[in-house]
Amino acid sequence: MSRRSLTLILASVGAAAAIAVSVLVPVPYVILGPGPTLNTLGKDSSGQPLITVSGHPSYPTSGHLNMVTVSYVGGPGSHLNIFSALAAWLNPDEAVVPESELFAPGQSQQQSQQQDTQEMTGSQQTATAAALTQLHIAYTTQVVVVQTEAGFPASGVLKAGDVITAVDGATVTGPTALTKLITAHPAGTKLTLTIQRNGQRRQLSVGTKQSGGHPVMGVEIEQQYKFPFSVKFSVGDIGGPSAGMMFALGIIDKLTTLDLTGGKFIAGTGEITAGGQVQAIGGIQQKMVAARNAGATYFLTPASNCSDTKGATPAGLHLVKVSTLSQAVTYLEDIKAGQAVPSC
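Residues numbered from 1 in each chain as written. Predicted model: local features only at pLDDT ≥ 70, side-chain atom pairs only at ≥ 80, totals over all residues. Heavy atoms only, no water.

**Observations concerning the state of the cysteines**
When the sulfur atoms of two cysteines share a covalent bond, that bond is a disulfide.
In step 1: Scanning the entire structure with this criterion turns up 1 disulfide.
In step 2: In this model, Cys306 is linked to Cys344 through a disulfide, with the two sulfur atoms separated by 1.8 Å. Looking down the S-S bond of the Cys306 and Cys344 bridge, the torsion is -60°, so its handedness is left-handed. Of the two residues, Cys306 sits in the loop between strand 17 (298-302) and strand 18 (318-322) while Cys344 sits in the segment after helix 7 (325-336), which places them 38 residues apart along the sequence.
In step 3: Residue classification places Cys306 among the buried residues on the basis of a relative accessible area of 8%.
In step 4: For Cys344, a relative accessible area of 27% gives the class partly exposed. (Disulfide = S-S within 2.5 Å. Helix = DSSP H or I, 4+ residues; strand = E, 2+ residues; numbered from the N terminus. Buried < 20%, exposed > 50% of the residue type's maximum accessible area, 1.4 Å probe, protein only.)

**Remarks on the pairing of strand 17**
In step 1: With 4 of 5 residues buried, strand 17 is to be regarded as a mostly interior element.
In step 2: Pairing between strand 14 (residues 265-268) and strand 17: 3 bridges, direction parallel. Residue pairing for strand 17: Ala267 is matched across the bridge by Phe299.
In step 3: Bridge analysis of strand 17 against strand 18 gives 5 bridges, and the strand direction is parallel. Opposite Thr301, over in strand 18, you have Lys321 as the bridge partner. (Pairing = 2+ DSSP bridges.)

**Section: the pattern of salt bridges**
Pairing between side chains becomes possible if they bear opposite charge and their charged atoms approach one another.
In step 1: Evaluation of the coordinates by the stated rule reveals 2 salt bridges.
In step 2: A salt bridge links Asp162 to Arg197, with the shortest nitrogen-to-oxygen separation between them at 2.7 Å. Note that Asp162 is positioned in the loop between strand 5 (140-148) and strand 6 (163-167) and Arg197 in strand 8 (residues 190-197), a separation of 35 residues in sequence.
In step 3: The exposure class of Arg197 is buried, given its relative accessible area of 9%.
In step 4: Linking Glu333 and Lys336 is a salt bridge whose minimum nitrogen-to-oxygen distance equals 3.2 Å. Of the two residues, Glu333 and Lys336 are both situated in helix 7; the distance of 3 residues between them amounts to about one turn of the helix. (Salt bridge = Lys/Arg side-chain N within 4 Å of Asp/Glu carboxyl O.)

**So, unusual backbone geometry**
In step 1: The phi torsion at His136 lies on the positive side, around 60°, for a residue other than glycine.
In step 2: As for its placement among the helices and strands, His136 is situated in the loop between helix 3 (109-134) and strand 5.
In step 3: Even without being a glycine, Asp168 presents a positive backbone phi close to 50°.
In step 4: If you trace the backbone, Asp168 turns up in the loop between strand 6 and strand 7 (170-171).

**Examining helix 3**
In step 1: The end-to-end C-alpha distance of helix 3, which contains 26 residues, comes to 36 Å, matching closely the 38 Å that a straight helix rising 1.5 Å per residue would cover.
In step 2: Burial in helix 3 covers these residues: Ser112, Met120, Ser123, Gln124, Thr126, Ala127, Thr128, Ala129, Ala130, Ala131 and Leu132.
In step 3: Elements that come into contact with the buried residues of helix 3 comprise strand 3 (64-74), strand 12 (219-226), strand 13 (230-233), helix 5 (244-255), strand 15 (271-272) and helix 7.
In step 4: His136, located one to two residues past helix 3, shows a positive phi value of around 60°. (Expected span 1.5 Å × (residues − 1). Contact = heavy atoms within 4.5 Å.)

**Structural notes on the confidence of the model for the chain**
In step 1: For the chain, per-residue confidence averages 89 on the pLDDT scale, and residues scoring 70 or more make up 92% of the total.
In step 2: Every residue in residues 6-25 scores below 50 in pLDDT, and together they form 11 contacts with partners more than four places removed in sequence or on other chains. (pLDDT = per-residue confidence, 0-100.)

In structure tokens form, the structure reads like this:
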């Protein structure tokens, strides 16, 4: 065999090996693209309303107040290769981001999905609280034990599901209040906790110990809400917290005669607090594309995301800059009246 032939063979084998490696070896990136968009005033694919209010008067709604999502390809256990990543990078409607932006080190896709589901459930509760706050409808909050940490005083004393209502007789109104009541005493102090367990009121003695520079009991808690009526959501397997503002607006529209949309197709995004603050989210560019593809003409945009929209707003989509739920309601009323609203 000639040297030339041998060189060609070796080059071909090398090229084939390189291609095989490029195709078969996954890269640590994730492709983000426009995801499903659902009308919070409408129904899901099975005909179930996305938001159902029971125990309180509700009113007919019209138009769209759509929540939007981002789809993704890649992640732990996937086989995203360099060619797929490059193709997505060239697509203006998609983005390629490091896997670490979506997944914690060592986190599996299943664990990530469970986290997204928990965040969605939390966002629905917070959205309900924000809507009721906006409408001046009273509700209560409670601090619930999720789990205790082995080796800490709360272990073996408190149980998952316990509702902590007071510390040394002082009412616990939320996680911040609980932390203040615990840290008001030096580590090693015995505290008298009033709790609700299985519907029964109890008082328990729980100590504290030093950890991270301050006294702790060693308990993981979450804030839950008790509402005067029922608000239920039906969104399937969609996860994450970013639909909070649109859920809150959907609830407000159903509980009032405001008719927030005026029959228009409005979409938006934004995580929300119980006090009505609209917070930044990820994937804003893909969400704008999803909204416009669905037919939206207005897009409620968290003010802190405005810089991410520059040069990426789809034609025909008008951005509305919002910082609070109250602003969102006001601007929707202005749009309905044909008035100008702030934009990014």
